[in-house]
Amino acid sequence: MANRAYLRVWTREFSEATLIAQFARFLTTAPLSASEPAFRELIVQPIDATELSLAEWDLKDLGYGAPEVAALAIQHLHPDSAYIVHAKWDLWSFDAEALKWIHKPEPLLITCHGPEYDGSIGTTEGNFTVDLGFEHFFTGHGGLLAPGAASNPFESSDHPLEHAFRQWMAVPANLKEYHAKTRENIQQLFRWVESIEAALPVERSELSSEGEENFEARLDAILAKH
């Protein structure tokens, strides 16, 4: 299974009293898809992930933005609950079978951890956690881009799809485009982090992934390479 990437944000003065206001402000920063510019689902999860959800709203086709989602969430305001929002944002992805680039909506999962949720997991996992999608949206596959900073350098195999991919990327113009599209995804992510820092009293933020020991350093290396 492909590795995933995450954004974690810790804010100052985060409490039951400020939770909904900060949640709403966080949601206003989300770079929602141009074709699906609204939130799709809200789930209120009590206690921890093993419990049944307390409330769920299917928001597809309702056009709900941050104020409407926050108004739903406040109906179930508890310090030991998490508030999970599904949305989509536009990213470049490479179709290895068709050997072409596609700019399309990809899933985006935003979670706000109540201060007492799951043993106060927010203290280690962030008051806000975002599942950004597949790691390769931002790093490319393996160590193809900025290999010196990669934790998972590219390993060759005999799979026909990988063989075709490597042949395609052996053409300098194709590799240059691969780098450019990946940079666009990284730049969008970094702009979002900047928007969050402008909208909220951010104490610290962290970008990580399942496949990179230092995800942020890898992204910086890809951006720095021209």
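Scroll up a little and you will see the structure.
Residues numbered from 1 in each chain as written. Predicted model: local features only at pLDDT ≥ 70, side-chain atom pairs only at ≥ 80, totals over all residues. Heavy atoms only, no water.

Asks: Could you give an account of the overall build of the protein, naming the residues involved and the relevant values?
Replies: The helix and strand tally for the protein stands at seven helices and seven strands. When its helices and strands are written in sequence order, the protein yields β-α-β-β-α-β-β-α-β-α-α-α-β-α. For 226 residues, the compact-globule estimate of 2.2 N^0.38 gives 17 Å, and the protein sits close to it at 19 Å. If you line up the protein on its principal axes, its C-alpha atoms span 55 × 35 × 35 Å. For the protein, the residues scored as buried account for 46% of the 226 residues in total. (Helix = DSSP H or I, 4+ residues; strand = E, 2+ residues; numbered from the N terminus. Rg over C-alpha atoms; globule rule 2.2 N^0.38 Å. Buried < 20%, exposed > 50% of the residue type's maximum accessible area, 1.4 Å probe, protein only.)

Asks: Residue-level account of the sheet that holds strand 2 (residues 41-46), with values.
Replies: Across the sheet, seven strands lie side by side as 3-2-4-5-6-1-7; this open sheet has antiparallel pairing. Looking at the sheet topology across the chains shown, the edges are occupied by strand 3 (55-58) and strand 7 (202-209). Adjacent strand axes in the sheet meet at a mean angle of 20°, parallel and antiparallel pairs treated alike. The strands touched by helix 6 (residues 172-199) within the sheet are strand 1 (4-11), strand 4 (81-95), strand 5 (100-113), strand 6 (128-134) and strand 7, with strand 4 carrying the most contacts at an inclination of about 155°. (Pairing = 2+ DSSP bridges. Axes fitted to C-alpha atoms, helices over the stretch in contact; angles between N-to-C directions. Contact = heavy atoms within 4.5 Å.)

Asks: How would you sum up the environment of Ala180? Please name residues and give values.
Replies: Turning to its location among the elements, Ala180 is positioned in helix 6. Owing to a relative accessible area of 35%, Ala180 belongs among the partly exposed residues under this scheme. Along the sequence, Ala180 and Ala30 sit 150 residues apart, while their C-alpha atoms lie 23 Å from each other.

Asks: Account for the nonpolar core, with residues named and values stated.
Replies: Residues Phe23, Phe26, Leu42, Ile110, Leu132, Phe138 and Trp192 are the most contacted members of the largest nonpolar core, which totals 54 residues. Counting residues per element, this core draws most heavily on strand 4, at seven residues. Those residues in contact with Leu132 that lie beyond four places of it in its chain are Ala5, Tyr6, Leu7, Trp89, Leu91, Pro107, Leu108, Phe138, Leu189, Trp192 and Leu207. (Core = buried A, V, L, I, M, F, W, Y, C linked by side-chain atoms within 4.5 Å.)

Asks: Go over the pairing of strand 6, please, and point to the residues and values.
Replies: Burial runs high along strand 6: six of the seven residues are buried. The sheet contact formed by strand 1 and strand 6 spans six bridges and is antiparallel. Looking across to strand 6, one finds that Val9 is bridged to Phe128. The sheet contact formed by strand 5 and strand 6 spans four bridges and is antiparallel. Opposite Cys112, over in strand 6, you have Phe128 as the bridge partner.

Asks: I'd love a proper account of helix 2 (residues 66-73), names of residues and values included.
Replies: Within the sequence span of helix 2, burial applies to Ala66, Val69, Ala70, Leu72 and Ala73. Summarising the axial view, the buried residues of helix 2 lie within an arc of 160°, below the 170-degree limit, and thus occupy one face. (Arc of directions from axis to C-beta.)

Asks: Could you give an account of unusual backbone geometry, naming the residues involved and the relevant values?
Replies: For Ile47, which is not a glycine, the phi torsion comes out positive at approximately 65°. Mapping Ile47 onto the fold places it in the loop between strand 2 and strand 3. Residue classification places Ile47 among the partly exposed residues on the basis of a relative accessible area of 37%.

Asks: Tell me about the pattern of salt bridges, residues and numbers included.
Replies: Under the definition given, this model contains eight salt bridges. The closest approach of N and O atoms between Arg218 and Glu212, which form a salt bridge, is 2.5 Å. We classify Arg218 as buried; its relative accessible area is 0%. Within this structure, Arg8, Glu125 and Glu206 form a network of salt bridges that share partners. (Salt bridge = Lys/Arg side-chain N within 4 Å of Asp/Glu carboxyl O.)

Asks: Account for the environment of Leu223, naming residues and giving values.
Replies: Among the structural elements, Leu223 can be located in helix 7 (residues 215-224). For the pair Leu223 and Thr182, spaced 41 residues apart in sequence, the C-alpha to C-alpha distance is 8.9 Å. Setting aside anything within four residues of it in sequence, one finds Leu223 in contact with Arg183, Ile186, Gln187 and Phe190.

Asks: Tell me about the packing of aromatic side chains, and name the residues and values.
Replies: What the rule picks out here adds up to 12 aromatic pairs. Ring pairing ties together the aromatic residues Phe14, Phe26, Trp89, Phe128, Phe134, Phe137, Phe138, Trp192 and Phe215, which thus form one cluster. If you follow Arg4 out to its NZ or CZ, it ends over the ring of Phe134, 5.0 Å from the centre. In this structure, Lys181 packs its charged tip against the face of Trp92, placed 3.7 Å from the ring centre. (Phe/Tyr/Trp six-rings, centres within 6.5 Å; stacked < 30°, edge-to-face > 60°. Lys NZ or Arg CZ within 6 Å of the ring centre and 35° of its normal.)

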